[in-house]
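# Architecture at a glance
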Protein chains: 2
Amino acid sequence: MSILYDERVDGALPKVDKAALLAELRQRLPDLDILHTQEDLKPYECDGLSAYRTTPMLVVLPEHIEQVQQLLKLCHARGVPVVARGAGTGLSGGALPLEQGILLVMARFNQILEINREGRFARVQPGVRNLAISQAAAPFDLYYAPDPSSQIACSIGGNVAENAGGVHCLKYGLTVHNLLKVDILTVEGEFMTLGSDALDAPGFDLLALFTGSEGMLGIVTEVTVKLLPKPQVAKVLLAAFDSVEKAGRAVGDIIAAGIIPGGLEMMDNLAIRAAEDFIHAGYPVEAEAILLCELDGVEADVADDCERVREVLEKAGATEVRLARDEAERVKFWAGRKNAFPAVGRISPDYYCMDGTIPRRELPGVLRGIAELSEEYGLRVANVFHAGDGNMHPLILFDANVPGELERAEAIGGKILELCVKVGGSITGEHGVGREKINQMCAQFNSDEITLFHAVKAAFDPSGLLNPGKNIPTLHRCAEFGAMHVHHGQLPFPELERF
Amino acid sequence: MSILYDERVDGALPKVDKAALLAELRQRLPDLDILHTQEDLKPYECDGLSAYRTTPMLVVLPEHIEQVQQLLKLCHARGVPVVARGAGTGLSGGALPLEQGILLVMARFNQILEINREGRFARVQPGVRNLAISQAAAPFDLYYAPDPSSQIACSIGGNVAENAGGVHCLKYGLTVHNLLKVDILTVEGEFMTLGSDALDAPGFDLLALFTGSEGMLGIVTEVTVKLLPKPQVAKVLLAAFDSVEKAGRAVGDIIAAGIIPGGLEMMDNLAIRAAEDFIHAGYPVEAEAILLCELDGVEADVADDCERVREVLEKAGATEVRLARDEAERVKFWAGRKNAFPAVGRISPDYYCMDGTIPRRELPGVLRGIAELSEEYGLRVANVFHAGDGNMHPLILFDANVPGELERAEAIGGKILELCVKVGGSITGEHGVGREKINQMCAQFNSDEITLFHAVKAAFDPSGLLNPGKNIPTLHRCAEFGAMHVHHGQLPFPELERF
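Residues numbered from 1 in each chain as written. Chains lettered and ligands numbered in written order. Predicted model: local features only at pLDDT ≥ 70, side-chain atom pairs only at ≥ 80, totals over all residues. Heavy atoms only, no water.

### A look at the overall build of chain A
Inclusion rule: Helix numbering and strand numbering both begin at the N terminus, where a helix is a DSSP run of H or I of at least 4 residues and a strand a DSSP run of E of at least 2. Partly exposed describes any residue whose relative accessible area lies between the buried limit of under 20% and the exposed limit of over 50%, with all areas from a 1.4 Å probe on protein chains only and scaled to the type maximum. When checking whether two residues touch, look at their non-hydrogen atoms; a contact exists if any pair is within 4.5 Å. Only the protein chains shown count as covering a residue, and every accessible area follows the Shrake-Rupley method with a 1.4 Å probe. Charge counting follows a simple rule: Lys and Arg are positive, Asp and Glu are negative, and His as well as the terminal groups are ignored. Here the site of a charge means atom NZ of a Lys, CZ of an Arg, CG of an Asp or CD of a Glu.
Summing up its helical and strand segments, chain A has 18 helices and 20 strands in all. Once the C-alpha set of chain A is aligned to its principal axes, its extents read approximately 70 × 55 × 55 Å. Here chain A, with 499 residues, has 62% of them falling under the buried criterion. Taking as baseline every contact in chain A between residues at least 6 positions apart, the subset at least 24 positions apart corresponds to 72%. Here chain A has roughly 17,800 Å² of accessible surface; of this, 50% comes from carbon and sulfur atoms. Side chains of chain A carry 46 positive and 69 negative charges; the gap between the two charge centres is 1 Å.

Shown next as structure tokens:
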């Protein structure tokens, strides 16, 4: 199955002589683990977005950073594209390999180098799993805040590349807000440090620029993340609503009341039923929508906030508000939410997970719009998302074996993202652009902005060898896609064009 | 008086025919307020760093964004450099004008365009004063968190340009952490929007890149800032110590105890005495150092934290711990701190304010190092700073009328910044690089890193017309300065140079 797969990127790349490259790699890096047979390459043909598949030319699995450096120098000299990959859990095809390129797997760099209690940071290799950092910091009562649903498996290097989020990023920020320093190798194989151990680094903020750049600006070799003290206590409220719009409005009401929950998640009826069937979390299956609101901090504060949130929820029309009575129930409430994707996978042969972000105040209107699109296209859409920060994950249910459904799923997905852009939001919250949403970038940005993105890319990688064809579309592609966005398109003083 | 003034920047710029440019501007922009006489230009010859002065060629004070756009288009066409300026309160000479350039004063763009309670943001013009945003948001119980000491006067556009901080940035972050969106004009006079109203914008994070870029990447035309709910209550503890090192260690202990104060400031004896003489804040003048620790949030939480912090302080060897008994005393405690710079100005004919950042754990050692340098150079140094985030502001006291003191002040200032870099810190925390610290950038970054900065600059401004000579040194300058930093300088595999 291939949704939207686009061969133009590979087609535009220079032909590489695989046999000669393999021979040279073996000669120069005799200890480097290289996969080259069709059978060995097969498992690497996609990342977490399995709808897109390409067989990489070669897969390399280095164990020493010096091997990565040598590999990059060689690839740079030979003009061979390189796609870096962590655990391969990304959902937008950011680590999709190239037929004419090397897939650089960083998974073996899995050492935690330092946990510093006083400085509250962890220094780790890029292949370290997200959750492993919090586990290593736990003896010091510290943890690493960003917690994507894939945190058991996903690597911190990939988190940096995609600027990963999670259910707690409303309060604790995305990956970029939780980094101190990233060491990278440039496309030329030079070491460089972005950020510092201190508050702020002078010059341009290249650390923030690099975070979320999807492997296009350099290869992560080491990451220094901030650690936070574990909250004394965490409580979860579950509120049921008889309409998704009421639930959407309640989200805004909570924030407007001056409360910043640790997490604030929403699920609609389809998602509630699927999750309940799968996990038996104790969700009210008759509800049109539920909110899960986690409050964390010191005991007295949390108790106070729970009361205030309960009041807001009741005033917003909740038909039921339940406080998880103990830690076991709290974990159960979250298990339902965190397993909502696989739960939906049980009720539909295929589903397509979107990731759009909207200003919080637009939630009720956008939910209504999605319901209308669902009706129009005849496909069910389950909504499960980070309501607090307006990061939506509509799941479009379809059956790829029914002729036309795949195309309709693609079409409604595109429409939903365009709706997000229209209300002032964006086409991705935390999953990245990758290969999946490259066309939608044309709707998000105008040609000046896209040109600037390319110029920034060229500042790091003038040869364009790092993960080509992802994240930033060419203007040519946008013209073909026919959705070049024009804003501020009217020059207020046309006569100035003369200058 | 001119510390470190460097004429090479102006010298390297193309000569501009002032009379012809003035005539053309008047013809094309008849309504634009232009200053051109020596008398009118005089007040604009420096920003808050008065040691550096240059008379600008022309000063323009636009009132409509379209005038800015036209001006930029004209300057771009004619190759005329442009330096943007807000309120001119910057402390690193970032808005220092050019003899061969236009000083673009954005102060008249002082309208608050929107305060959005539900979305918790304010949309303002760039010339709006920092404090005015919080004042406008106050009726909604919201405020804008970053609070530089100059907040009565400094403008939000300048805050964006310098990524301004303040006493609360330990808990609430720098300017970059409190922005949603910035509208800019490019050097070519094109409008562009960086960031979005939503959580995250796809593509590269140009908003973060732009923040702190010191007017080198574009001109801010509108800023959308995040607003936070005002804390229910704020309390301040004052702790006295018989050594600065003990106070420095106490800072780390508070953070290690899992408490994030709203503000955590330190002053040494010289600063305490100066402030007490000036403000009568009630400081213990015999103490070698004091810490001011503000705790804010909901009532119960703050009371709890106050007790915990008191315990930590006592354990760390505080000779006295005092809780401000009421709001009046709390304000008094802060007034002493916020007026420490002018207070020091009363006890010395001249002082030179440094702004370095270090990892928090290095505080005791760096304070000892500063004391040794003070001894060695025979100049008093007062320390007043944001201890919580390791952002130091040593004030070097000197008398410019005593031969040699100015040079020694410069020399010790440079040594202190180098000490910051040596322990893993940086040469600026919140004041920016500007013209002042451009040589120290050569100590902070290696040639690859500086080359990358220039490439990023060129992506936005290939003609180099926006604020040339600030922030990023040329490699040539670094070679002359003789302090080119080399790290990772040893290529692990020299033979790879063959590629």
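There's more to say after this.
### Brief notes about the packing of helix H2 (residues 18-28) of chain B against helix H4 (residues 65-78) of chain B
Residue and element names in this part refer to chain B. Selection criterion: Every axis in this analysis is a line fitted to C-alpha atoms, fitted for helices over the stretch in contact. Angles between the N-to-C directions lie between 0 and 180 degrees. In this scheme the handedness of a crossing depends on how the near helix is turned from the far one: anticlockwise by less than a right angle means left-handed, clockwise means right-handed.
One can describe the packing of H2 onto H4 by two numbers: an axis separation of 11 Å at closest approach and a directional angle of 145°. In this structure, the crossing between H2 and H4 has a hand that is right-handed. Only Gln70, Leu71, Leu74 and Arg78 of H4 make contact with H2, whose side of the interface consists of Glu24, Leu25 and Arg28.

### Examining the nonpolar core
What counts is decided by this rule: Among buried residues, the Ala, Val, Leu, Ile, Met, Phe, Trp, Tyr and Cys ones that are joined through side-chain atoms within 4.5 Å form a nonpolar core.
Counting 176 residues, the largest nonpolar core has Leu206(A), Leu313(A), Leu206(B) and Leu313(B) as its most contacted members. Leu206(A) has contacts with Leu194(A), Phe460(A), Leu209(B), Leu452(B), Phe453(B) and Val456(B), leaving out every residue within four places of it along the chain.

### So, the relation of the copies chain A and chain B
Just so we agree on the cut-off: The copies are overlaid by a least-squares fit using only the C-alpha atoms of residues whose pLDDT is at least 70 in both copies.
Taken as rigid bodies, chain A and chain B are interconverted by a rotation of 180° and an axial shift of 0.1 Å, the fit giving an RMSD of 0.0 Å. What the rotation and shift describe, once combined, is the action of a two-fold rotation axis. Here 100% of the contact residues of chain A are again contact residues in chain B; the copies associate through an equivalent surface.

### A closer look at the sheet that holds strand S1 (residues 33-35) of chain B
Residues and elements named next belong to chain B. Selection rule: Any two strands between which DSSP finds at least two bridges are classified as paired.
Spatial ordering of the open sheet is given by S1-S2-S4-S3, a layout of 4 strands whose pairing is mixed. Since the sheet does not close on itself, it has two edges, and those belong to S1 and strand S3 (82-85), each with one partner. Along the sheet, successive strands turn relative to each other by an average axial angle of 25°, direction set aside. With 4 bridges joining them, S3 and strand S4 (residues 102-105) adopt parallel strand pairing. Counterpart to Val83 in the pairing with S4 is Leu103. Strands S1, strand S2 (58-61) and S4 of the sheet are contacted by H2, whose axis makes an angle of about 15° with S2. Each of S2, S3 and S4 touches H4; the most contacted strand, S4, lies at about 165° to it.

### Overview of the pattern of salt bridges
The line we're drawing: In what follows, salt bridge is the name for a side-chain nitrogen of Lys or Arg lying within 4 Å of a carboxyl oxygen of Asp or Glu.
Counting across every chain of the model gives 47 salt bridges over all chains. Here Glu63(A) makes a salt bridge to Arg108(A), at a shortest N to O gap of 3.6 Å. Here the residue Glu63(A) occupies a position in the loop between strand S2 (58-61) and helix H4 (65-78), and Arg108(A) occupies one in the loop between strand S4 (102-105) and strand S5 (112-116), the gap between them amounting to 45 residues. You can call Glu63(A) partly exposed: its relative accessible area is 48%. Accessibility expressed as a relative area gives 34% for Arg108(A), which makes it partly exposed. We note a salt bridge from Arg108(B) to Asp33(B), for which the minimum N-O separation is 2.9 Å. One end of the pair, Arg108(B), is in the loop between S4 and strand S5 (112-116); the other, Asp33(B), is in strand S1, with 75 residues separating them in the sequence.

### Comments concerning the interface of chain A and chain B
Formally: As a working definition, buried area equals the accessible area (1.4 Å probe) given up by two parts on being put together, with both sides summed. We call two N or O atoms a polar contact when they sit within 3.5 Å, provided that within protein one can donate a hydrogen and the other can accept it, with sequence-adjacent residues counted only if both atoms are side-chain atoms. We call Asp, Glu, Lys and Arg charged. Ala, Val, Leu, Ile, Met, Phe, Trp, Tyr, Cys and Pro are nonpolar, and the rest, Gly among them, are polar.
With 87 residues of chain A at the interface, the matching set in chain B holds 88 residues. Taken together, the two surfaces of chain A and chain B that pack against each other cover about 7,500 Å², and 66% of this comes from carbon and sulfur. Where chain A touches chain B, the interface holds 0 salt bridges. Along the contact surface separating chain A from chain B lie 4 residue pairs in polar contact (both at pLDDT 80 or more). Secondary structure elements with two or more residues in the side of chain A that touches chain B: helix H2 (18-28), H4, strand S9 (191-195), helix H8 (206-210), helix H9 (244-256), helix H11 (299-315), helix H16 (441-444) and helix H17 (447-460) of chain A. Considering each element in turn, the side of chain A that touches chain B owes the most residues, 9 residues, to H17(A). The class makeup of the residues in the side of chain A that touches chain B is 40 nonpolar, 25 polar and 22 charged.

### Structural notes on the state of the cysteines
Here a disulfide denotes one covalent bond, and it connects the sulfur atoms of two cysteines. Stated precisely, the cut-off is as follows: Count a disulfide wherever a pair of cysteine sulfur atoms falls within 2.5 Å.
Applying the stated criterion to the full structure yields 2 disulfides over all chains. Here Cys442(A) connects covalently by a disulfide to Cys478(A), the sulfurs 2.1 Å from one another. On the sign convention where negative is left-handed, the bridge of Cys442(A) and Cys478(A), at about -80° about the S-S bond, is left-handed. With Cys442(A) in helix H16 and Cys478(A) in helix H18 (residues 475-481), the pair connects residues that are 36 residues apart, well separated along the chain. No difference in accessibility class separates Cys442(A) from Cys478(A), as the two residues are buried. Looking at Cys306(A), it has no disulfide partner, and the nearest cysteine sulfur is the one in Cys293(A), 7.8 Å off. You can see Cys46(B) has no disulfide; the closest cysteine sulfur is in Cys353(B), sitting 15 Å from it.

### What to know about the packing of aromatic side chains
The following threshold applies: A pair of Phe, Tyr and Trp rings is counted when the ring centres sit within 6.5 Å of each other, with Trp represented by its six-membered ring. The angle between the planes then sorts it: under 30 degrees is stacked, over 60 is edge-to-face, the rest tilted.
Under the definition given, this model contains 10 aromatic pairs over all chains. Look at Tyr143(A) and Tyr172(A): their rings are 6.3 Å apart centre to centre, the planes differ by 85°, and that puts the pair in the edge-to-face class. Of this pair, Tyr143(A) sits in strand S7 (residues 142-143) while Tyr172(A) sits in helix H7 (residues 169-172), placing them 29 residues apart in sequence. With respect to burial, Tyr143(A) and Tyr172(A) carry one shared label: buried. Summarising the aromatic geometry, the rings of Tyr283(B) and Phe333(B) are spaced 6.5 Å apart at their centres and angled 45° between planes, so their arrangement reads as tilted. Taken as a pair, Tyr283(B) in the loop between helix H10 (269-279) and strand S14 (289-297) and Phe333(B) in helix H12 (residues 327-338) lie far apart in primary sequence, 50 residues in all. Taking the relative accessible area as the measure of exposure, Tyr283(B) reaches 5% and is therefore buried. For Phe333(B), a relative accessible area of 0% gives the class buried. Through successive ring pairs, a cluster of aromatic residues spans Phe204(A), Phe445(B) and Phe453(B).

### Side note on the domain arrangement of chain A
Residue and element names in this part refer to chain A. The test is simple: How far each domain reaches was decided by an automatic or database domain assignment.
By domain assignment, chain A separates into domain 1 (8-105), domain 2 (112-229), domain 3 (233-422) and domain 4 (441-481). Between domain 1 and domain 2 the total buried area reaches about 1,200 Å² when both faces are included, carbon and sulfur atoms providing 66% of it. On inspection of domain 1 and its partner domain 2, the count reaches 1 salt bridge. In this structure, Glu190 and Lys73 form a salt bridge, with 3.7 Å as the shortest nitrogen-oxygen distance. Counting across the domain 1 and domain 2 interface gives 1 residue pair in polar contact (both at pLDDT 80 or more). Here the element with the most residues in the side of domain 1 that touches domain 2 is H4; it accounts for 6 residues.

### Quick notes on the side chain of Asp301(B)
Along the chain, Asp301(B) turns up in helix H11 (residues 299-315). Buried and unpaired, Asp301(B) has no salt bridge, with Arg308(B) as the nearest side chain of opposite charge at 6.1 Å. When residues no more than four places from it in sequence are discounted, the contact partners of Asp301(B) are Val298(A) and Asp301(A).

### Considerations on the environment of Gly195(A)
Residue and element names in this part refer to chain A. Topologically, Gly195 is positioned in strand S9. Among the residues examined, Gly195 registers a relative accessible area of 25% and is labelled partly exposed. As a C-alpha pair, Gly195 and Asp183 span 12 residues in sequence and 8.6 Å in three-dimensional space.

### With respect to helix H17 (residues 447-460) of chain B
Note the threshold: Take the residue count of a helix, subtract one, and multiply by 1.5 Å to get its expected span.
Between the first and last C-alpha of H17(B) there are 20 Å, a value that for 14 residues agrees with the 20 Å anticipated at 1.5 Å per step. Here the buried face of H17(B) lies against S9, H8 and H17 of chain A together with helix H8 (206-210), helix H16 (441-444) and helix H18 (475-481) of chain B. Here H17(B) starts with a cap whose side-chain oxygen sits 3.1 Å from the backbone nitrogen of Asp448(B), and that cap is Asn446(B).

### Points about the confidence of the model for chain A
Residues and elements named next belong to chain A. Just so we agree on the cut-off: As a per-residue measure, pLDDT reflects the predictor's confidence and takes values from 0 up to 100.
Chain-level pLDDT for chain A is 89 on average; 94% of the residues reach the 70-or-more range. Note on residues 1-8: pLDDT is under 50 here. Beyond four places in sequence and across chains, it has 23 contacts. pLDDT under 50 marks residues 483-499. Its contacts with residues more than four places away, or in other chains, come to 40 contacts.

### Points about helix H5 (residues 130-137) of chain A
By the burial criterion, the buried members of H5(A) are Asn130(A), Ala132(A), Ile133(A), Ser134(A) and Ala137(A). Where H5(A) is buried, its residues touch S5, strand S6 (121-124), S7, helix H6 (156-162) and strand S10 (219-226) of chain A.

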